[in-house]
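Listed below, chain by chain, are the residues.
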Amino acid sequence: MEAVTPKQTLEAEDIRLVTGTGKRYVSDWAVVVGLDTDAMEKMGYQLIDGSTVKRSGDVIAGQYLAYNFKDTLRPEGRNMIDRWGGELDMGDTERNIPDPHFNPLDQTYTLEANVQGTKLSLPIRSVGVSKEDYSKGSETSDGIIMSLSDLQKLLQKVPGAKKRRTYDSVLVKVTNISVVERVETDIKGMGYNTESMESIRKPMEKEAQQKQMMLGGLGAISLFVAALGITNTMIMSISERTREIGIMKALGCYVTDIRIMFLSEAGAIGLIGGVIGCIISFCASVAINLVSLGPSLENLLPAMFGGGDVTRVSVIPPWLLLFAVVFSVLIGLGSGYYPANKAVQIPALEAIKSE
């Protein structure tokens, strides 16, 4: 295993965050999670600003946490900023630049929560801003990540709280996807339930393999038909050029040279077919990506070559195109071997007499 961290979510009837001079900005809800903050980097949590938690009271703010706050000094309907397009106002037809009311970094908050009828309050300060990643949890977007010890201390203030530490879950990161199943089996053997992408990955892999077999079968049939076509074309070419073969033999051409000539023609047919097939496939791939990204000139290059923030539906790596062309040439050479061998076996006199 690469890293392990317990994870606990603050379960409360009411959670509020207050910040700003005179408690100006208020968020009526928030996701508050406790983690082993020292293991966050190894667990794959990313920061877009600031640093990790170093001392008690420090927290990591979600990337879009600031957008959950309303400005209590503004009129109703114009007190919350919509991160998707501007200020939330039913009367507005134009949206402003969606900047939050304040920078969530280095901001001091007051966390207020009602846990089992007990009102809790905790001053906290954001020292970092996490990158949104819902695979880790919604706290990376709209929540607060604090050290597990701080969350446990807060919960200990509730009368009758258990002194024994309990966790909602434990996050485990392994070094390689190949060991997920084994680690999951070991954890289940300890009596715990597990959740991972393994249960989703296996059916998807099985489905992908079935599709590959089906497409591979269609490809094999296509290759067989193409090979027959090349063989037939070469046989017809030899039949039409029998007299030419006889003249070349009569002039002293080597049998090897005649065989190489016909094999070269068969390989050229395979090469041309492979290149045309790759061009058609590449164009079809780009068209599919353009439909998914949006048909526009701006998306043409991302649809062809991708990019850091671009997710393409169809991806054809360069090595696959090269392999397809080389494989097509080999198919052509294999299909042309029989006709080429047949051509060199024709006697010179018989070939010259041929019309």
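Shown above is the structure to which this text applies.
In what follows, the accompanying structure is described. Quantities reported herein were computed from a predicted structural model and do not represent experimental measurements. (Residues numbered from 1 in each chain as written. Predicted model: local features only at pLDDT ≥ 70, side-chain atom pairs only at ≥ 80, totals over all residues. Heavy atoms only, no water.)

1. A few points about the packing of aromatic side chains
According to the stated counting rule, one finds 6 aromatic pairs in the structure shown. Look at Tyr25 and Phe102: their rings are 5.3 Å apart centre to centre, the planes differ by 45 degrees, and that puts the pair in the tilted class. You can see Tyr25 sitting in strand E3 (residues 25-27) and its partner Phe102 sitting in the loop between strand E9 (86-87) and strand E10 (108-115), a full 77 residues away along the chain. (Phe/Tyr/Trp six-rings, centres within 6.5 Å; stacked < 30°, edge-to-face > 60°. Helix = DSSP H or I, 4+ residues; strand = E, 2+ residues; numbered from the N terminus.)

2. Considering the packing of helix H5 (residues 198-240) against helix H9 (residues 318-344)
The geometry of H5 relative to H9 is characterised by a closest axis approach of 9 Å and an angle of 35 degrees between their N-to-C directions. The handedness of the crossing between H5 and H9 comes out as right-handed. Contact with H5, carried on its side by Leu223, Ala227, Ile230, Thr231, Met234, Ile235 and Ile238, involves Phe327, Ile331, Gly332, Ser335, Gly336, Tyr338, Pro339, Ala340 and Ala343 of H9 and no other residues of that element. Taken together, the residues of the contact of H5 with H9 sort by class into 12 nonpolar, 4 polar and no charged. (Axes fitted to C-alpha atoms, helices over the stretch in contact; angles between N-to-C directions. Left-handed = near helix turned anticlockwise from the far one by under 90°. Contact = heavy atoms within 4.5 Å. Nonpolar A, V, L, I, M, F, W, Y, C, P; charged D, E, K, R; others polar.)

3. Let's talk about the nonpolar core
Counting residues in hydrophobic clusters, the biggest one holds 25 residues, and the most contacted among them are Leu10, Leu17, Leu111, Ile124 and Met146. For this core, the element with the most residues is E10, which contributes 4 residues. With near-sequence residues (within four places) excluded, Leu17 lies in contact with Tyr25, Val26, Ser27, Ala30, Leu65, Phe69, Tyr109, Thr110, Leu111, Ile124 and Ile144. Counting residues in hydrophobic clusters, the runner-up holds 13 residues, among them Met248, Ile258, Ala266 and Ala343. (Core = buried A, V, L, I, M, F, W, Y, C linked by side-chain atoms within 4.5 Å. Buried < 20%, exposed > 50% of the residue type's maximum accessible area, 1.4 Å probe, protein only.)

4. Re unusual backbone geometry
Its identity is not glycine, yet Lys23 carries a phi of approximately 55 degrees, on the positive side. For Lys23, the position within the fold is in the loop between strand E2 (14-19) and E3. On the basis of relative accessibility, which here comes to 52%, the residue Lys23 falls in the exposed class. Even without being glycine, Gln116 reaches a positive phi, approximately 50 degrees. Inspection of the secondary structure puts Gln116 in the loop between E10 and strand E11 (118-130).

5. Remarks on the pattern of salt bridges
When the charged atoms of two side chains with opposite charge come close together, those side chains can pair. Under the defined criterion, the tally for this structure stands at 10 salt bridges. Lys136 is paired through a salt bridge with Asp133; the nearest N and O atoms lie 3.2 Å apart. One connected set of salt bridges, linked through shared partners, spans Arg16, Asp28, Lys70 and Glu112. (Salt bridge = Lys/Arg side-chain N within 4 Å of Asp/Glu carboxyl O.)

6. Thoughts on helix H3 (residues 148-155)
Burial within H3 is extensive, with 6 of its 8 residues counted as buried. Of the positions making up H3, those classed as buried are Leu148, Asp150, Leu151, Gln152, Leu154 and Leu155. Buried residues along H3 sit against strand E1 (3-9), strand E4 (31-35), strand E6 (58-61), E10, E11 and strand E12 (143-147).

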